[in-house]
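Geometric and topological summary
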Amino acid sequence: MHHVMKSFREVLSNASNILILTGSGISAESGVPTFRGAGGFWRKYQAQNLATPEAFAANPSLVWEFYEYRRQLVSKVKPNKAHEAVAEFQKRKMAEGKKVSIVTQNIDALHQKAGAEDVVELHGSLYRTRCTKCRNIAFNENIPICPALAGKGSPDPSIMSSDIPTEELPRCEVQSCRALLRPDIVWFGEQLDENVLQKALDVVETCDACLVIGTSAIVYPAAMFAPQIARRKVPVAEFNIEETPATKQMQYHFQGPCTTTVTEALAP
Ligand code: BV8
Ligand code: ZN
């Protein structure tokens with residue numbers, strides 16, 4: 001084993017409050033497209049131009065097709081060895097009375113499927129809806145999420161939008177409400193849920209070791225966390241297939257697919 005990996009594993013064995021921050025790169029090897037690169041496109045749109053309140057207000061049918069596609073896709077994939085290593089590491093450290101917090105930017109719930117606990121989902125979840133009127137939050141794994149979206153969502157760029165009338169889009173199950181539902185997901189330009197953000201910040205301020213796995217470190221506020229920890233002189237290790245804007249502030253950078261690097265770092 002490389003001596004740098006050895007030294008990081010030493011840091012982990014002495015740490016008692018570890019933060020594991022993840023982005024879409026940890027799900028890439030499960031077959032979930034990342035935002036950067038080719039994966040960031042659906043039909044002729046860039047994901048981050050659809051993941052906005054403006055896009056939803058202008059064309060809720062199109063945005064729901066985009067999310068129906070991602071719910072369909074994610075419902076078929078499995079957690080990979082990196083998700084499993086993270087979940088097993090959390091269990092093992094908890095059995096030693098130590099703390100491992102998992103804070104993810106992902107909305108695919110793959111950490112939970114791998115057995116991780118108390119996952120902080122900074123940007124919400126594909127499997128929750130929020131009512132645009134009464135704000136009721138509901139857990140929903142149905143594929144399709146409503147009859148009108150059955151078979152919709154194909155990423156084929158030649159497919160035209162279905163222009164589903166809003167009455168046939170997902171509606172609130174609260175009988176007295178019945179308003180249009182949206183995904184319970186934080187879109188670009190939207191604030192994060194303040195309780196979720198505070199939970200993440202509490203760990204950012206107290207952890208004594210940090211792993212940053214599969215994130216391009218571009219989107220705020222998540223991109224601020226690792227540099228903030230590094231400034232406290234706490235060891236931070238970045239696991240990525242390339243360097244990122246945050247790499248130079250990290251004490252460790254393990255280059256390669258995270259199913260290899262993370263499994264090596266977190267192995268018993
Ligand atoms: C906010 C849910 C306060 C949606 C997401 C101008 C206008 C409006 C806003 C802004 C602006 N300028 C800045 C902002 C703020 C904005 C922002 O940061 N924009 C960026 C683009 C500059 N942030 C926000 O809007 C946030 N809210 O700031 O509120 C506010 C409010 C109003 C006005 C001002 C401020 C909300 C951001 C949340 C958006 N929602 N997700 C959905 O999924 O549909 S963000 C989404 O993109 C992800 O959740 C994630 O956060 C981000 C993608 O990043 P990554 O996860 O890192 O994925 P990416 O593909 O980028 O990178 C993958 C990495 O993995 C790569 O580095 C790759 O090398 C690596 N990798 C790939 N394969 C592997 C691997 N590594 C290891 N192994 C592998 N196999
Ligand atoms: Zn409602």
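Since this is a predicted model, take the numbers as computed values, not measurements.

1. Details of the site of ligand 1
- In the vicinity of ligand 1 lie 33 residues, with Arg70, Gln105, Gly189, Ser216 and Asn240 positioned nearest.
- The backbone of Gly189 places a nitrogen or oxygen atom 2.6 Å from an oxygen atom of ligand 1.
- Within the side chain of Asn240, one N or O atom sits 2.6 Å away from an oxygen atom of ligand 1.
- Notes on ligand 1: free accessible area 1500 Å², of which the protein chains cover 77%.
- Elements that contribute at least two residues to the shell around ligand 1 include exactly α2 (25-28) and α5 (60-76).
- For the shell around ligand 1, the per-class residue count stands at 15 nonpolar, 13 polar and 5 charged.
- Two domains each donate at least three residues to the shell around ligand 1, and these are domain 1 (1-32 + 79-123 + 191-268) and domain 2 (34-76 + 126-185).

2. Examining the nonpolar core
- Formed by 35 residues in total, the largest nonpolar core has its most connected members in Trp64, Tyr67, Val74, Leu126, Leu149 and Trp187.
- For this core, the secondary structure elements donating two or more residues are α3 (47-50), α4 (53-58), α5, β6 (124-131) and β8 (181-185).
- In terms of residues, this core owes the most to one element, α5, which gives 8 residues.
- Two domains each donate at least three residues to this core, and these are domain 1 (1-32 + 79-123 + 191-268) and domain 2 (34-76 + 126-185).
- Apart from the residues within four sequence positions on either side, Tyr67 is in contact with Ala51, Ile107, Leu126, Pro183, Ile185 and Trp187.

3. What about the pattern of salt bridges?
- Using the criterion set out here, one finds 7 salt bridges in the structure.
- Among the ionic pairs, Glu65 bridges to Arg43, the shortest N-O distance being 2.7 Å. Of the two residues, Glu65 is situated in helix α5 and Arg43 in the loop between β2 (41-42) and β3 (45-46); the sequence distance between them amounts to 22 residues.
- For Asp184, the salt bridge is made with Arg130, and the minimal N-O distance between the two is 3.0 Å. Of this pair, Asp184 sits in strand β8 while Arg130 is found in strand β6, placing the two residues 54 residues apart along the sequence.

4. Remarks on the pairing of strand β9 (residues 209-213)
- Extensive coverage of β9 is indicated by the burial of 5 of its 5 residues.
- Burial along β9 is two-sided: the residues Ala209, Leu211 and Ile213 and Cys210 and Val212 are all buried.
- Pairing between strand β1 (residues 17-22) and β9: 5 bridges, direction parallel. When the bridges of β9 are listed, Ile18 appears paired with Ala209.
- Relative to strand β10 (residues 236-240), β9 runs parallel, the two sharing 4 bridges. Within the sheet, the bridge partner assigned to Leu211 lies in β10 and is Ala237.

5. Looking at the side chain of Asn140
- The residue Asn140 is located in the loop between β7 (137-139) and β8 in this model.
- Of the polar contacts made by the side chain of Asn140, one reaches the side chain of Arg71; its length is 2.8 Å.
- Looking at Asn140, its side chain comes within polar contact range of the main-chain nitrogen of Asn142, at 2.8 Å.
- Those residues in contact with Asn140 that sit more than four places away from it in its chain are Arg71, Tyr127, Thr129 and Ile145.

6. Some details on the side chain of Arg130
- Among the residues examined, Arg130 registers a relative accessible area of 14% and is labelled buried.
- Only 3.0 Å separates the side chain of Arg130 from the side chain of Asp184, close enough to count as a polar contact.
- Setting aside residues up to four positions removed in sequence, Arg130 forms contacts with Arg135, Asn136, Ile137, Leu180, Leu181, Arg182, Pro183, Asp184 and Ile185.

7. Considerations on the sheet that holds β6
- A sheet is described by the order of its strands in space; here 3 strands give the open sequence β7-β6-β8, paired in antiparallel fashion. Single-partner strands in this sheet number two, and they are β7 and β8. Each strand of the sheet is rotated relative to its neighbour by a mean of 40 degrees, with strand direction disregarded.
- Here β6 pairs with β8 via 4 bridges, running antiparallel. Bridge assignment links Thr129 to a residue of β8, and that residue is Pro183.
- Packing of α5 onto the sheet brings it into contact with β6 and β8, and relative to β6 it is tilted by some 140 degrees.

8. Some remarks on unusual backbone geometry
- At the junction of Ile143 and Pro144, the peptide bond is cis and its omega measures out at 0 degrees in the coordinates.
- As for its placement among the helices and strands, Pro144 is situated in the loop between β7 and β8.
- Here the residue pair Tyr220 and Pro221 is connected by a cis peptide bond, since its omega of 0 degrees sits within 30 degrees of zero.
- Phi is positive for Ala109, close to 55 degrees, though the residue is something other than glycine.
- By the secondary structure assignment, Ala109 is in the loop between β4 (99-104) and α7 (110-113).
- The exposure class assigned to Ala109 is buried, which follows from its relative accessible area of 14%.
- Unlike most non-glycine residues, Asp163 shows phi in positive territory, near 45 degrees.
- A residue is classified by how much of its surface remains accessible, and Asp163, at 56% relative accessible area, is exposed.

Calculation notes
- Here, residues in each chain are numbered from 1, in the same order as that chain's written sequence.
- Ligands are numbered from 1 and chains lettered from A, in the order in which they are written.
- Where local features are concerned, this predicted model is filtered to residues with pLDDT of at least 70; where side-chain atom pairs are given and counted, the filter is 80 or more; whole-chain, interface and lining totals use all residues.
- Only hydrogens and water are set aside; all other atoms, that is, all heavy atoms of the structure, feed into the side-chain values.
- For each residue, the test is whether any non-hydrogen atom lies within 4 Å of the molecule or strand; if one does, the residue is near.
- In protein, a polar contact requires one atom able to donate a hydrogen and another able to accept it; more generally it is a pair of N or O atoms within 3.5 Å, and residues adjacent in sequence count only if both atoms are side-chain atoms.
- Surface accessibility in these figures is a Shrake-Rupley result with a 1.4 Å probe; residues are shielded only by whichever protein chains are displayed.
- A run of DSSP states H or I qualifies as a helix once it reaches four residues; a run of E qualifies as a strand once it reaches two. Both are numbered from the N-terminal end.
- The classification used treats Ala, Val, Leu, Ile, Met, Phe, Trp, Tyr, Cys and Pro as nonpolar, Asp, Glu, Lys and Arg as charged, and all other residues, Gly among them, as polar.
- Note: domain ranges come from an automatic or database domain assignment.
- Residues belong to a common nonpolar core when they are buried Ala, Val, Leu, Ile, Met, Phe, Trp, Tyr or Cys residues joined through side-chain atoms within 4.5 Å.
- Type-normalised accessible area, obtained with a 1.4 Å probe on protein chains alone, sets the label of each residue: buried when under 20%, exposed when over 50%, and partly exposed for intermediate values.
- Here, two residues are considered to be in contact whenever any of their heavy atoms come within 4.5 Å of each other.
- Throughout this description, the term salt bridge denotes a Lys or Arg side-chain nitrogen within 4 Å of a carboxyl oxygen of Asp or Glu.
- A pair of strands is treated as paired once DSSP finds two or more bridges between them.
- Lines fitted to the C-alpha atoms define the axes, with helices restricted to the stretch that makes contact. Angles between their N-to-C directions range from 0 to 180 degrees.

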